[in-house]
Amino acid sequence: MTPPVFLADTADLAADTVTLAGPEGRHAAAVRRIRPGEAVDLSDGRGLRLRCSVVAAGADHIVCRVLERIEEPAPRPRLTVVQALAKGDRGEAAVEMMTEAGVDAVVPWTAERSITRWKGDRAAKSLAKWRATAREAAKQARRARLPEIAEPADREAVAALLAAADLGVVLHEDAALRLSETEVPAGADGAGVVLVVGPEGGFSDAELDAFDAAGAVRALLGDSVLRTSTAGVAALAVLQARTGRW
């Protein structure tokens, strides 16, 4: 079994012996009950991974001896999902599953037909929930890089992302081309792949026109229609395999 991953600031990971304290230290010592002799990985969430052996444990911290330092390069091509806001906790579920599936960035998008709207204090709280969800899911997946959860985007911002991408894809149930048949960049150093997942009510004509004008292709996952909360992770699995990242 792979060692659990705990996150810390880069500055705290510079020494040969690292004391993990704070919320992560309490979780390791009190919840996970990590004990001396066990293996753990420490990471800054930006690609640095420390392979460690625990040499001491207190009530709210663990002390780790660093055995190996690894700088994991960012995977290529970069995979970004523009996720339409979903009702209830389905947006957070989408972020969780996509993080576990290796997404590099998630962009919240209030589509014209989105039932949920982020406004005022709710926007800040909802964005914080998405980021916290991504953080915990990345640890669960043993990732050394946390995905970026971007600020919410409008239609124009999404179109700009698609225009700048090496490949822009809009998932659409009426598309003639299957995502599994789409030509995808392998190891591109640019903006990579940007994938747009629409809301429960589907895309508006104005949105589709804007995304077509930005150079995006429409692609179909399969014969069944997936929820907005599951379409992204299914598409990521296809892209991970098609690009050779999996």
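Reading the values: the criteria
Residues numbered from 1 in each chain as written. Predicted model: local features only at pLDDT ≥ 70, side-chain atom pairs only at ≥ 80, totals over all residues. Heavy atoms only, no water. UniProt positions renumbered as here; feature names shortened; annotations may be inferred. Helix = DSSP H or I, 4+ residues; strand = E, 2+ residues; numbered from the N terminus. Buried < 20%, exposed > 50% of the residue type's maximum accessible area, 1.4 Å probe, protein only. Contact = heavy atoms within 4.5 Å. Axes fitted to C-alpha atoms, helices over the stretch in contact; angles between N-to-C directions. Parallel < 35°, antiparallel > 145°, perpendicular 65-115°, else oblique. Left-handed = near helix turned anticlockwise from the far one by under 90°. Arc of directions from axis to C-beta. Core = buried A, V, L, I, M, F, W, Y, C linked by side-chain atoms within 4.5 Å. Pairing = 2+ DSSP bridges. 1 Å grid on protein atoms, 1.4 Å probe; cavity = no way out; pocket = protein on both sides within 12 Å on 5 of 7 lines; lining within 4 Å. Points joined across faces, edges and corners; volume = space filled by probe spheres on them. Nonpolar A, V, L, I, M, F, W, Y, C, P; charged D, E, K, R; others polar.

Under an unreviewed UniProt entry, the name given to the protein chain is Ribosomal RNA small subunit methyltransferase E, and the source organism is Nocardiopsis flavescens. Within the UniProt record for the protein chain, the comment given under Function (unreviewed entry) is "Specifically methylates the N3 position of the uracil ring of uridine 1498 (m3U1498) in 16S rRNA. Acts on the fully assembled 30S ribosomal subunit." Turning to the protein chain, the UniProt annotation filed under Subcellular location (unreviewed entry) states: "Cytoplasm".

**Student:** It is not clear to me how the environment of L79 should be interpreted in this structure. Could you clarify?
**Tutor:** Turning to its location among the elements, L79 is positioned in strand β6 (residues 79–84). The buried category is assigned to L79, whose relative accessible area is 1%. Once the C-alpha coordinates of L79 and A105 are considered, the two residues, 26 residues apart in sequence, prove to be 6.7 Å apart. Contact partners of L79, with chain neighbours within four places excluded, come to V103, D104, A105, V193, L236, L239, Q240 and R245.

**Student:** Is there a simple way to explain the packing of helix α2 (residues 90–100) against helix α6 (residues 228–243) in this structure?
**Tutor:** Each pair of packed helices can be described by the angle between their axes along with the distance between the axes. Put simply, α2 and α6 touch, their axes get as near as 8 Å, and they point 10° apart. Considering the angle they form, α2 stands roughly parallel to α6. Both α2 and α6 take part in a crossing whose hand is right-handed. The residues of α6 that touch α2, namely those facing R90, A94, M97 and M98, are S229, T230, G232, V233 and L236.

**Student:** What should I look at first to understand helix α1 (residues 22–31) in this one?
**Tutor:** In an α-helix there are 3.6 residues to a turn, and that puts residues three or four apart on one side. Among the residues of α1, those classed as buried are E24, G25, A28 and A29. Along α1, the residues classed as buried sweep out an arc of 120° about the axis, all on the same side. With respect to the buried face of α1, the exposed residues turned more than 90 degrees away are P23 and V31. Summarising the contacts, the buried residues of α1 are in contact with β1 (5–7), β2 (17–20), β5 (62–71) and α3 (121–140). Taken from the residues just after α1, R33 is the one with a positive phi, measuring 55°.

**Student:** Looking at this model, I keep getting lost on the nonpolar core. Mind explaining?
**Tutor:** A general feature of soluble globular proteins is that nonpolar side chains tend to end up buried together. M98, L171 and L195 are the most contacted members of the largest nonpolar core, which has 29 residues in total. Mapped onto this core, the elements with two or more residues apiece are β6, α2, α3, β9 (167–171), β10 (193–197) and α6. For this core, the element with the highest residue contribution is α6, accounting for five residues. Residue contacts for L171: discarding those within four places in its chain leaves L179, L195, V196, V197, F203, A219, L221, A231 and A235. V82, A153, F211 and A214 belong to the second largest nonpolar core, which has 19 residues in total.

**Student:** In this structure, what is going on with the sheet that holds strand β3 (residues 39–43)? I would like to understand it.
**Tutor:** Within a beta sheet, neighbouring strands are joined by backbone hydrogen bonds and run either parallel or antiparallel to one another. In space, the five strands of this open sheet follow the order β1-β3-β4-β5-β2, with mixed pairing throughout. The sheet is open, and its two edges are formed by β1 and β2, each paired on a single side. Across the sheet, the axes of successive neighbouring strands diverge by a mean angle of 40°, strand direction being ignored. Sheet topology places strand β4 (residues 48–57) next to β5; nine bridges connect them, and they run antiparallel. By the bridge assignment for β5, R49 is matched with I70. Sitting on the sheet, α1 touches β1, β2 and β5, and the angle it makes with β1 is about 155°.

**Student:** What's the story with the layout of surface pockets in this structure? I'm lost.
**Tutor:** If a probe the size of a water molecule is rolled over the atoms, the empty space left behind becomes visible. Size it by volume and the largest pocket reaches roughly 470 Å³. In terms of lining, the largest pocket is formed by 22 residues, of which the most central are L171, E173, P199, V225 and L226. Residue composition of the lining of the largest pocket, grouped by class: 11 nonpolar, seven polar and four charged. Its volume calculated, the second largest pocket comes out at about 280 Å³. Split into classes, the residues belonging to the lining of the second largest pocket amount to six nonpolar, two polar and eight charged.

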